[in-house]
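# Observations on the model geometry
Okay, here's what each chain looks like letter by letter:
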Amino acid sequence: MPTQEQVLTALRKVMDPDLHRDIVTLGFVRDLKIDQGKVSFSVVLTTPACPVKDRLKEESEQAVRAIPGVDQVTVDMRSDVRPAPPPPGLNLVPGVRNIVPVGSGKGGVGKSTVSANLAVALAKSGARVGLMDADVYGPSIPTILGITELPTPGTKGIRPVVAHGVKVISSGFFMKPGQAVIWRGPMLGKLIDQFLSDVEWGELDYLVIDLPPGTGDVQLTLCQRVPLTGAVIVSTPQDVALTVAQKALDMFRQLRCPILGIIENMSYFICPHCGERENIFDTGGAERAAAEWGVPLLGRIPLATGIRIASDSGRPIILDEPDSSSARAFLEISQNLAAQISIQNMKETAEPALKISF
Amino acid sequence: MPPPTKPAPVEITRAGDRDVQIRWNDGRTVVYPARFLRMACPCDHCVDEMTGRRVLQESSVPLDVHPLAIEPVGRYAISLRFSDGHSTGIFTWEWLSHLAAELGQPASAVTTPNNPH
């Protein structure tokens, strides 16, 4: 009969390619049971949206099967999203494990469409996801997700609307259609405070925040109030957009919010008639910028009529046309994002957290 | 290129009765005298926003001024509530690091607060 030590030694050869450590050292292996030649264990990943889930399962199985005396291996793949390390001071959203703002320099780069589809993709993988539409000037999440109902009063605050498995709150819920928001900075700060502390988010693995474009009050308030796991920057590929995106990146760096990566939206266009690829806004710009700025490129999303139609009709393309190249791009980016979040949290845990005792 | 590791405090504690001690991620420990910190407040009541000139008059600050409370601001700064009622300054890690350079010596050796501006 194989020993526990033999099994663990075999599993130490299985490496997580993102975290660069083996799955035993990472503490992923749990519930190891050995009954004669039958070995069963769980591999608990840091996210249900793990891009290498299947590969890790196969490698674990093979590694254990190679031990003499083993004739049956059962691997149960599970996940437990690790929280960002707690900051000193008050935590406004204690049940939320990771807060991920999605920002841009320029407006009109598809930030809301990207945020919505990423949130739905993460939820589809099995994660508990919230989406805060903090774009007070042009809240478009309700349209993109086809939300017609309004949030209801809960026991302690506002209960978010659940759409496609995602808990959603939007400033659009609290305004009349067509009504403009003409607010000075302090009002914006108050709204963000309310969206953080007065909304019943409950337990969430990821809270995605759709920011307004630019580097203003909403971004600043957010960076001051809550520990952000890291920001995602959306840009189109042309130079003019990337130049402005760099300002957003610089703001997050100044406020010490890590950058999880860049997403290139409207990356290329595939003609539905002839199938030819056309780089309307140039292409590869975000890749060059990512290399220059030292941040990961999370992926590219094509400029596709299907995305526009899905967004306008309130059915995210990731659910409506899961096999389209656009949906696959969103899915891949959501997995890369989840991996970067795990990497970031691992890095932070290794660093000492700030202690204040005065 | 990824940015080099930026200065960040690891631990903020009291030094003596009223001074503030910061242990930085590069291993240095710096003691910031209480009144020095009050005089170095970067808020727009204390520094002219346009010119960057310090408008806070040294004579208007009580000699025994000291911080009563320190709160984190996001992950990039702290805010200090002082005994003279002033609490609007946000001291970023960059500013505190600059002030450490201004103090200019191993903090334990600093006994008299210098006037930074």
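Remember, it's a predicted structure, so these values are computed and weren't measured experimentally.

The rules behind the values
- Residues numbered from 1 in each chain as written.
- Chains lettered and ligands numbered in written order.
- Predicted model: local features only at pLDDT ≥ 70, side-chain atom pairs only at ≥ 80, totals over all residues.
- Helix = DSSP H or I, 4+ residues; strand = E, 2+ residues; numbered from the N terminus.
- Rg over C-alpha atoms; globule rule 2.2 N^0.38 Å.
- Buried ≥ 20, exposed ≤ 12 C-beta atoms within 10 Å, placed from the backbone.
- Contact = placed C-beta atoms within 7 Å.
- Pairing = 2+ DSSP bridges.
- Axes fitted to C-alpha atoms, helices over the stretch in contact; angles between N-to-C directions.
- pLDDT = per-residue confidence, 0-100.
- Domains from an automatic or database assignment.
- Nonpolar A, V, L, I, M, F, W, Y, C, P; charged D, E, K, R; others polar.
- Parallel < 35°, antiparallel > 145°, perpendicular 65-115°, else oblique.
- Left-handed = near helix turned anticlockwise from the far one by under 90°.

## Remarks on the overall build of chain A
Scanning chain A from terminus to terminus reveals eleven helices and 18 strands. Here the C-alpha radius of gyration of chain A, 22 Å, is about what a compact globule of 358 residues would show, namely 21 Å. Residues classed as buried in chain A amount to 47% of the 358 residues present. Pairs at least 24 apart in sequence give 76% of the contacts found in chain A among residues at least 6 apart.

## Topic: the overall build of chain B
Helix and strand content of chain B: two helices and six strands. Scanning chain B from its N terminus toward the C terminus, one meets helices and strands in the order β-β-β-α-β-β-β-α. The buried share among the 117 residues of chain B stands at 26%. Considering only intrachain contacts with a sequence separation of at least 6, the fraction spanning at least 24 residues in chain B is 38%.

## Overview of the interface of chain B and chain A
Residue-level contacts link 19 residues of chain B with 16 residues of chain A. By the bridge criterion, three bridges tie strand β18 (residues 355–357) of chain A to strand β1 (residues 9–15) of chain B in an arrangement that is parallel. Along β1 of chain B, the bridge assignment pairs Lys355 of chain A with Glu11 of chain B.

## Some points on the sheet that holds strand β4 (residues 67–73) of chain B
Residue and element names in this part refer to chain B. One open sheet holds the three strands; their spatial order is β4-β5-β6, and the pairing between them is antiparallel. A single partner strand is all that each edge strand has here, and the edge strands are β4 and β6 (90–92). Here the average twist between neighbouring strands, direction ignored, is 30 degrees. Pairing of β4 with strand β5 (residues 77–82), which is carried by six bridges, proceeds in the antiparallel orientation. Looking across to β5, one finds that Val73 is bridged to Ala77. Packing of helix α2 (residues 93–103) onto the sheet brings it into contact with β5 and β6, and relative to β6 it is tilted by some 75 degrees.

## Considerations on the confidence of the model for chain B
The pLDDT averaged across chain B works out to 85; a share of 85% of its residues lies at or above 70. Note on residues 106–117 of chain B: pLDDT is under 50 here. Beyond four places in sequence and across chains, it has 20 contacts.

## A closer look at the domain arrangement of chain A
One frequently used descriptor of interface size is the decrease in accessible area upon assembly of the parts. Residue and element names in this part refer to chain A. On domain assignment, one finds that chain A holds domain 1 (4–79) and domain 2 (99–350). Here the C-alpha centre of domain 2 lies 34 Å away from the C-alpha centre of domain 1. Taken residue by residue, the interface counts nine residues in domain 1 and 13 residues in domain 2. Residues belonging to the side of domain 1 that touches domain 2 are distributed by class as follows: five nonpolar, three polar and one charged.

## Thoughts on the sheet that holds strand β10 (residues 161–163) of chain A
Residue and element names in this part refer to chain A. Pairing is mixed across the open sheet formed by eight strands, whose spatial order is β10-β11-β7-β12-β6-β13-β14-β17. Looking at the sheet topology across the chains shown, the edges are occupied by β10 and β17 (297–300). Each adjacent strand pair in this sheet contributes to an overall mean axis angle of 25 degrees, direction not counted. Packed onto the sheet, helix α8 (residues 285–293) meets β13 (231–235), β14 (259–264) and β17 and runs at close to 160 degrees relative to β14.

## Here we look at the packing of helix α3 (residues 111–124) of chain A against helix α11 (residues 325–350) of chain A
Residue and element names in this part refer to chain A. Interhelical geometry of α3 versus α11 gives an angle of 75 degrees and a closest axis separation of 9 Å. Our classification of the angle between α3 and α11 gives roughly perpendicular. Contact residues: α3 offers Asn117, Leu118, Ala121 and Leu122, while α11 offers Phe330, Leu331, Ile333, Ser334, Leu337 and Ala338. Partitioning the contact of α3 with α11 into residue classes produces eight nonpolar, two polar and no charged.

## Looking at the pairing of strand β12 (residues 206–210) of chain A
Residues and elements named next belong to chain A. With five of five residues buried, β12 is to be regarded as a mostly interior element. Judged from the four bridges that link them, strand β6 (residues 99–103) and β12 form a sheet pairing that is parallel. Note on β12: the bridge partner recorded for Ile99 is Leu207. Relative to β12, strand β7 (residues 129–133) runs parallel, the two being bridged by five bridges. Bridge pairing in β12 places Asp133 opposite Asp210.

## Observations regarding the packing of helix α7 (residues 239–254) of chain A against α8 of chain A
Residue and element names in this part refer to chain A. The interhelical angle for the contact between α7 and α8, taken along N-to-C directions, is 35 degrees, at an axis separation of 10 Å. Relative to α8, α7 is oriented so that their crossing is right-handed. Between α7 and α8, the residues in contact are Asp239, Leu242 and Leu249 and Gly285, Ala286, Ala289 and Trp293, respectively. By residue class, the composition of the contact of α7 with α8 is five nonpolar, one polar and one charged.

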